[in-house]
Structures are given as structure tokens and as C-alpha cells.
Amino acid sequence: MSDEVRVRYAPSPTGMQHIGGVRTALFNYLFARSKGGKFILRLEDTDRTRYDEKYVKNLYDTMAWLGIDWDEGGDKGGDYGPYVQSERFDLYKKYAQELVEKGEAYYCFCDSERLERIRKIQTENKMAPGYDRHCRLLTPEEVKANLDKGMPYVIRLKVPLEGETKFSDHLLGDIIWKNEDISPDPILLKSDGFPTYHLANIVDDHLMHVSHVMRAQEWIPSTPLHVQMYRSFGWQHPEFCHLPMVNGSDGKKLSKRHGSTSLNEFRARGYLPMAIVNYVALLGCSYEDGRDMYTLEELAKNFKLEHLNKAPAVFDYKKLEWYNGQYIRMLSDEELYKWTLPFITGTGDATLEINPDNPQPKPKVGPEYSGVALGDDGEPVCVDKNMNMSSAQVKESLMKLMPLIKERLHFLCDAAEMVHFLFTEPAVPAKTDIIPKKLDEAKTKEVLVKAVDFVKQLPSLDHEASEALAKKYAEELGIKLGDFMMPIRMAVTGSRVSPPLIGSILILGVEKSVERINRTLAAF
């Protein structure tokens, strides 16, 4: 085996990419980059019953979205292809046959009825499950006779009956497994000629010169079997590093019951890829300088296997939300416009599937909430034609809003509701929504009367002077600043949640803002 670091991410395309798989891919990628090695993307598609082409597409889309680039595999090819297991079946048959010839594997002719009887007996007698090695005892003459008759067969590995299997793990140290506890003589090649996961995985890793296998700790029980298979072939096995588990806040393995786990759902809920990458890279791993924020290049430069933690990592959605907000603030106005537009118009990432059982509320995105749709030319248009806004005016207004909403966004999908007041004429809010808790109807009316004068003066003032004027009016009325601003916010935007009010009024325009305040006053 060469000294070059060669690692792989080899998912089965039987489902959408999820956060656990992404962390495995990311750690492999970071390790390869930190060592100047190669990162391989391989498809292990031997499970044809659950295989779907949409999962293959999702894999490539997810890696591209995250910025995780691969050196071999996928559409890039490489010296050890093909990188899709279903295109390598002749190889697996050849190597399974080689093990039979070496006496390390054998033909098994047991039919499904016999196997079911064994399972039933084992269950009834509370015996350990597994094959009873019946065909391991067949003589060469019996095997030949069965083959000559054309009897269907599988090829099984001869697992040693005694002794133990030992291997070293980068993170967990030496692991010793009694051979009697390894799955008894598992199938390598199925009767239809398809390989099992174990055979295909070992053959591919060997032929692709994989130097390190980095995968989740749930694979530890399979590793003694894999080590035995390497020994049976006479090959040197790669170095192993079983990554710490990712748990939810309740200490149980992260799943849908905790919230989003599919990367598509994180995308649909308005997370930035760099926030995901940064947070996931810190799940179960530390970095020497102890910072929170890293670029992908910095993570790759600083990644070290010895900085992995043995203990399970806890996935904290609040912490990820914090990262997302931080990265949103770092975007330029133009970048923020590009990232929020799909959520404002209900296109692109906003259309990705949301798990209906997710305890997190569904994002409020698209024209229904923003008043903005995407035109055939790819430019934003105002749905309400009475607003009389051209596409250019819509884009100009959105661009003006970007610096205002940037500081208040937790997720990209929050943008839709925040911009709606510019593109829809809000209904006059109910009095109960307008009147602050500490004010009555009469006082709130006074606020709205003063608000007309306040708004008219804003264009001639800078931000500091505008805030000082607001405080002055609040003091004159004998109320707190928040109680002065809230009725104005409701009248102008129709919502308690909006971008900073003074900036919003200036973008909407004094005339429209005063008109909305007067309409609200008429209800008092």
C-alpha cells in the first residue's frame, strides 16, 4: 500500500443525504485535504430494491451545495473505476471464486425453506441467530454433484471457529473480537450473482488503494468480519477510524423526531451551506486555536485525527441557528439577495420537501407571504398589480431591504415575511394588535397622530437624529420608546416583526407610510 492518503465516502443511494452521512463525507474530505491525499466518491448500489436514481442525483447535488469536491468517482472518473458497484459485478464474482479456490469460502446450497426452519428453531430456543454452517461440511464430491445438477448456490465466507480478531482503531485503540461472535459464515455472493455489501466494500477498498476507512461507530461490529476477509484474501487492511456518533439532545441517536436531519430539509429551511459545514466539522472534533468560525480551507488545513473525540457529539439546533445567523451577517447585500430570493419567490430550495412530522414549524415562504413571485425571465415581480411596480422597482426595493433584514435573519426563509409590507397593501390591523400592553386606546390614538408628523420629518434626518426624534415624541407622550414605535410598525407594515422601522418607512416612502397610518387612525 502506498503512503498516499486515499479515503472514500461510499453511500448507498437508497435515501436522501442526511446529517450523519454528511459528517462522514466531510471528515473524510478534510482528512484527505489535510494530508494532500485523494477523496473518492463511490456509489455502493448493491441494494437494488431500495435504489432510486433520485438519490444518486441528491448525493451529487448535496456535495456540490456544500462545496465538498471529490478527486475520483462520479462524473470525474479516475484510475480505479468504475466507481459504481453495479458496474463492477464481474470483479466481485471473480474474487468470490478466488476465495472458494483458496479454501477461504464455500458454496452453500441451502434453500430458503431450510434457512427459515433454522431461524425458527433458533428463535424458539433463544439461540444466537445465524447460519448453522451446514454446507461448510460438504465434501468436494457433494459440492461437484450439486453444481453439476445446476443447483442454485450462494458463496459464504469461512469465518474461523476459534480464536479472536484484533484490529487497531485510530480513535478507540485496540479492539478485540471473539471469532465466535462474528456473524457465522456470511454470504459474499448471492444466488443472483449480486455481491453483498461486505464483499463489494472490501474488494473496492483494496482495488482503489483506500488507505483509511473513516466511518460511523455503528460499523464497528462489521469491522472484525472485514478484517477476516482481508486476511482471507491475503491483503493488508486499511487503517480504521470509527467516528463518534451524533446524538440528539436526549442522548439518543439523531433522528427525524429531533428535527431536520435530511440535508434537503436544512436547505428548505434556509440554512447556508457554510453554516452546516462549519458546525458539522466541529461535531466530535476540536481545532487547536479554539475558534468558532472557519472557512472550508481552514478546516482542511487544521483537521487532525487526534483531535477527534471518543464521546458522542450532541447535535444542537440552537447552536447551528447561531452559526447560520453569523454567516448571513457576513454576506454582501448582493449575496444575501441571491440566497433569499428563492425563499421570497417560493422557488429553488424553498420547494424542497419538508418532513411533515418534523416538530419544527414549516417555513412561510413564497408569494403568499412575500407578495413577490419569480417572472418567466427569472426576475422578481410584484403579485399585486395594484401596487403598480415594475420588475426593476421590485428588485431595487428588495436590494434596499437587504442591509435592513440582514441583522434580523436567523434563516434565509425568514426573509419572505419581512419583505411583504413593500409589495402588498396590508389590511388595517385589529385594535388589539395595535395597542401596546401598557397603553389604552386613547393613548395609542395619540401615538398614531404624532406618528404622522414623525414620519414626515424622517427624510431630512440621519439615522441618529431620527432615533432622537422618536425618543423625544415618546417622552412628550410620557411613554416608552417601544410603545411609541410598535403602533407605527403595525400601521405601516401590518406586522410586529419587520426590518428596522425607520429604514422600512424610508424605503416604502413617506407618502405611503402616512397613508397607512391615516387608514389605521380611521379605525379609532
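Quick caveat: nothing in here was measured; it's all calculated off a predicted structure.

Student: I'd like to hear about the pattern of salt bridges, residue by residue, with values.
Tutor: Applying the stated criterion across every chain yields a total of 35 salt bridges. Across the salt bridge formed by Arg267 and Asp349, the nearest N and O atoms sit 2.9 Å from each other. Of this pair, Arg267 sits in helix H8 (residues 263–268) while Asp349 sits in the loop between helix H12 (333–345) and helix H13 (367–370); the two residues are 82 residues apart in sequence, bridging distant segments of the chain. According to the relative accessible area criterion, Asp349 is buried, its value standing at 15%. The closest approach of N and O atoms between Glu446 and Lys443, which form a salt bridge, is 3.9 Å. Placement of the pair is Glu446 and Lys443 together in helix H17 (residues 441–457), with a separation of 3 residues, close to one helical turn. Overall, the relative accessible area of 38% leaves Glu446 in the partly exposed class. In the salt-bridge network here, residues are joined through shared partners; they are Arg8, Arg42, Glu44, Arg88, Asp204 and Asp205.

Student: Account for the sheet that holds strand S2 (residues 38–41), naming residues and giving values.
Tutor: Pairing is parallel in the open sheet, where 3 strands are placed in the order S1-S2-S3. Two strands in the sheet have a free side with no partner beyond their single neighbour: strand S1 (6–9) and strand S3 (72–73). Relative to S2, S1 is paired through 4 bridges, and the arrangement is parallel. Each bridged residue has a counterpart across the sheet, and for Arg6 the counterpart in S2 is Lys38. In the packing of helix H1 (residues 19–34) onto the sheet, contacts are made with S1 and S2, and the angle to S1 comes to roughly 165 degrees.

So, how was this worked out
Residues numbered from 1 in each chain as written. Predicted model: local features only at pLDDT ≥ 70, side-chain atom pairs only at ≥ 80, totals over all residues. Heavy atoms only, no water. Salt bridge = Lys/Arg side-chain N within 4 Å of Asp/Glu carboxyl O. Helix = DSSP H or I, 4+ residues; strand = E, 2+ residues; numbered from the N terminus. Buried < 20%, exposed > 50% of the residue type's maximum accessible area, 1.4 Å probe, protein only. Pairing = 2+ DSSP bridges. Contact = heavy atoms within 4.5 Å. Axes fitted to C-alpha atoms, helices over the stretch in contact; angles between N-to-C directions.

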